[in-house]
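Residue-level listing of the chains:
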Amino acid sequence: MKLPGLIAGKARIAGQIREIVMSEQVLDIHTHLYAPAFRELLLWGIDDLLVYHYLVAEAFRYLEIPYERFWALSKTQQADLIWQHLFLEHSPVSEACRGVLTTLQAFGLDVKKRDLPALRSWFKTQTVERHLDRCMTLAGVRRIFMTNSPFDDLERPVWEAGFAHDERFAACLRIDPLLLSWPEAARRLAACGYRVQPDRPSQRTFDEVRRFLADWTRQIKAHYLMVSLPSDFAFPAKNITTQLIERAVLPHCREHGLPLALMPGVKRAVNPELRLAGDGVGLVNLDGLQNLCAGYPENKFLATILARENQHEACVLARKFRNLHLFGCWWFTNVPTLIDEITRLRLELLGLSFTPQHSDARVLDQIVYKWQHSRQLIADVLADKYFDLAQTGWQITRGEIERDVKELFGGGFQRFCGARVAQVC
Ligand code: FIX
Ligand code: ZN
């Protein structure tokens, strides 16, 4: 084909793919959002957008006040300070700053006025229910997967009191404290009536941990279990984490037909003064993940890994183990440069058998920008790939593109997870 024909062909493919990718509904398989029944645990609105921990970390690049002075401020005052430094005194070019503007624009608000009080007034006139509908529609999100922790003293009472279930939200059982903060977790289980021994755990302790996991899996109707892991995570190791995984968590997941989501690579609290914004990233030895996939073929593992340098090896692992499903560009990798790179890498090594993105939103409104930005990048990558196919003479129908995008936006995840997730999605 001659050059003008090639360019026109590419533009046609790109246009069609963009249309499909921008409109296909998606499952947001990992967030920190809650259903409205959890009341103040569901964060939304301009001040929560501005005090998002990604922006707090960025603001401290410029702020000179002591950390304690910042934390002593009210949420509105913190938001004012962040607006001042990240939006007014410097241009908001970072991904997290740009995200706030994309979101406001999607709501029909005029960002060029730079009028924070006017933005606050608009949000004050919204109800959470209407805002939830609006955000889910604008983001094209079909279901929001929550992160639910029985160890969270604000969240647990809501489950215990009971509430009317909202079909748009799915629960996932988060078990970081159990695996990473034993014996403190054991003491908490013991206080709830589970007969566990913090110091010399016997078979009965592991059985009781399984009883705890089964109770909470039922209580919240968990779709998968999940844990974030430090960058020095090793498996197997001579430690309680390995024992708990082998003797309680994996048998529980097999019995209930649930995947275990692993999120390795975080270095918690590298700067504790920054609180939630103080976590860092580290390279992981993926032998631990390999040993889990190889040693437990009856278990299913979802995985998202924090370090850019681990992404290639993770793809190769997923080629070897069909019980491993990679998902999302997590946290520090959720920036355009890396979403583009990681999505290309995954498509080139795994075809369509992965889930390219999750939002990790902590504030409801964020699903709007996180999905809009990611959809654009995914569409561009797919356009290149389909164009490469067209170059070989392979012809693809619109229906086939739609099928492939559905696979990436939740279909593949659902099939991987099996019956439990398929039922509700
Ligand atoms: O551990 C996690 O699930 C992380 O996603 C969060 O803890 C982190 O703070 C975050 O918000 C990343 O996007
Ligand atoms: Zn998260």
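Report on the accompanying structure. (Residues numbered from 1 in each chain as written. Chains lettered and ligands numbered in written order. Predicted model: local features only at pLDDT ≥ 70, side-chain atom pairs only at ≥ 80, totals over all residues. Heavy atoms only, no water.)

Thoughts on the site of ligand 1
In the vicinity of ligand 1, the contacting residues are His30, His32, His53, Tyr54, Arg174, Ser228, Met263, Arg268, Trp330, Trp331, Asp360 and Arg362. The contact in question runs from an oxygen atom of ligand 1 to an N or O atom on the side chain of histidine 53, over 2.9 Å. A distance of 2.7 Å separates an oxygen atom of ligand 1 from a polar side-chain atom of arginine 362. Alone, ligand 1 offers 320 Å² of accessible surface; in the complex the protein occludes 98% of this. If you map ligand 1 onto the pockets, it falls in the largest pocket. (Near = heavy atom within 4 Å. Polar contact = N/O pair within 3.5 Å; in protein donor to acceptor, adjacent residues only side chain to side chain. Areas by Shrake-Rupley, 256 points an atom, 1.4 Å probe, with all protein chains shown as cover. 1 Å grid on protein atoms, 1.4 Å probe; cavity = no way out; pocket = protein on both sides within 12 Å on 5 of 7 lines; lining within 4 Å. Sits in = over half its atoms within 2 Å of the grid points.)

A word on the coordination of the zinc ion (ligand 2)
For a metal bound by four donors in a tetrahedral arrangement, the ideal donor-metal-donor angle is 109.5 degrees, while six donors in an octahedral arrangement ideally sit at 90 or 180 degrees. For the zinc ion (ligand 2), the full set of protein donor atoms is His30 (NE2), His32 (NE2) and Asp360 (OD), at a range of 2.0 to 2.2 Å. Spacing between the donor residues of the zinc ion (ligand 2) along their common chain follows H-x1-H-x327-D. Of the two residues, histidine 32 sits in the loop between strand 1 (26-28) and helix 2 (46-50) while aspartate 360 sits in the loop between helix 16 (336-350) and helix 17 (366-391), which places them 328 residues apart along the sequence. For the pair formed by histidine 32 and aspartate 360, the shared burial category is buried. (Donors = N, O, S within 2.8 Å, 3.2 Å for Na, K, Ca; no water. Helix = DSSP H or I, 4+ residues; strand = E, 2+ residues; numbered from the N terminus. Buried < 20%, exposed > 50% of the residue type's maximum accessible area, 1.4 Å probe, protein only.)

Section: the pairing of strand 5 (residues 260-267)
The element strand 5 is extensively covered by neighbouring structure, given that seven of its eight residues are classed as buried. For strand 4 (residues 222-230) and strand 5, the ladder comprises six bridges, and the chain directions are parallel. Among the inter-strand pairings, leucine 229 is bridged to a residue of strand 5, identified as proline 264. Running through helix 13 (residues 240-256), the crossover from strand 4 to the neighbouring parallel element strand 5 is right-handed. Summarising the sheet, strand 5 and strand 6 (residues 280-281) pair through two bridges and their orientation is antiparallel. Bridge assignment links lysine 267 to a residue of strand 6, and that residue is glycine 280. (Pairing = 2+ DSSP bridges. Right-handed = clockwise from strand over helix to strand, strands pointing away.)

Brief notes about the side chain of glutamine 357
Counting through the fold element by element, glutamine 357 comes out in the loop between helix 16 and helix 17. Among the residues examined, glutamine 357 registers a relative accessible area of 3% and is labelled buried. Not counting residues within four places of it along the chain, the set of residues in contact with glutamine 357 comprises Gly328, Cys329, Asn334, Ile339, Trp371, Ser374 and Ile378. (Contact = heavy atoms within 4.5 Å.)

What about the packing of aromatic side chains?
One pass over the full model with this rule turns up 21 aromatic pairs. On the basis of an interplanar angle of 40° and a centroid distance of 5.2 Å, the ring pair of tyrosine 34 and phenylalanine 38 is categorised as tilted. Ring centres of phenylalanine 145 and tyrosine 224 lie 6.4 Å apart, and the angle between their planes is 15°; on these two criteria the pair is classed as stacked. Remark: tyrosine 224 occurs in strand 4 and phenylalanine 145 occurs in strand 2 (residues 141-145); sequence separation between them is 79 residues. Of the residues examined, tyrosine 224 reaches a relative accessible area of 1% and is grouped as buried. Among the aromatic side chains, those forming a connected cluster through ring pairs are Tyr34, Phe38, Trp159 and Phe163. Over the aromatic face of phenylalanine 107 sits the side chain of arginine 134, whose NZ or CZ is 6.0 Å from the ring centroid. Above the face of the phenylalanine 416 ring, lysine 300 is positioned so that its terminal group lies 5.9 Å from the ring centre. (Phe/Tyr/Trp six-rings, centres within 6.5 Å; stacked < 30°, edge-to-face > 60°. Lys NZ or Arg CZ within 6 Å of the ring centre and 35° of its normal.)

Topic: the state of the cysteines
Overall, the coordinates contain zero disulfides when judged by the stated rule. Free cysteine cysteine 135: the closest other cysteine sulfur is in cysteine 97, separated by 19 Å. Cysteine 135 gets classed as buried once you look at its relative accessible area, which sits at 0%. No disulfide involves cysteine 329; its nearest neighbouring cysteine sulfur is the one of cysteine 315, lying 10 Å away. (Disulfide = S-S within 2.5 Å.)

A word on the nonpolar core
Residues Leu324 and Ile367 are the most contacted members of the largest nonpolar core, which totals 136 residues. In terms of residue count, the dominant contributor to this core is helix 17 (eleven residues). Other than its neighbours up to four places away in sequence, isoleucine 367 contacts Asp28, Leu33, Cys135, Met136, Ala139, Val141, Ile144, Ser359 and Ala361. Ranked by size, the runner-up nonpolar core spans five residues in total, among them Cys329, Ile339, Ile342 and Leu377. (Core = buried A, V, L, I, M, F, W, Y, C linked by side-chain atoms within 4.5 Å.)

A short note on the pairing of strand 3 (residues 169-174)
Sheet faces and side chains relate simply in a regular strand, where the side chains alternate between the two faces. When you tally the buried positions in strand 3, you get six out of six residues, the bulk of the element. Both faces of strand 3 are covered, namely the face carrying Phe169, Ala171 and Leu173 and the face carrying Ala170, Cys172 and Arg174. Here two bridges tie strand 2 to strand 3, and the two strands are oriented parallel to one another. The partner of phenylalanine 145 across the bridge, within strand 3, is alanine 170.

Some remarks on the packing of helix 1 (residues 3-23) against helix 17
As a packed pair, helix 1 and helix 17 sit with axes 8 Å apart at the nearest point and diverge in direction by 140°. As judged from the angle between their axes, helix 1 and helix 17 are oblique. Viewed along their axes, helix 1 and helix 17 form a crossing whose handedness is right-handed. (Axes fitted to C-alpha atoms, helices over the stretch in contact; angles between N-to-C directions. Parallel < 35°, antiparallel > 145°, perpendicular 65-115°, else oblique. Left-handed = near helix turned anticlockwise from the far one by under 90°.)

With respect to empty space enclosed by the protein
Taken as a whole and judged by the stated rule, the model has one cavity of 30 Å³ or more. Of the volumes computed, that of the largest cavity is approximately 40 Å³. Every residue lining the largest cavity is listed: Leu229, Phe233, Leu262, Pro264, Val284, Asn285, Leu286, Gly288 and Leu289. Among the secondary structure elements, those contributing two or more residues to the lining of the largest cavity are strand 5 and helix 14 (287-295). Of the residues assigned to the lining of the largest cavity, the class counts are seven nonpolar, two polar and no charged. (Points joined across faces, edges and corners; volume = space filled by probe spheres on them. Nonpolar A, V, L, I, M, F, W, Y, C, P; charged D, E, K, R; others polar.)

Nothing here speaks to function; it is all geometry.
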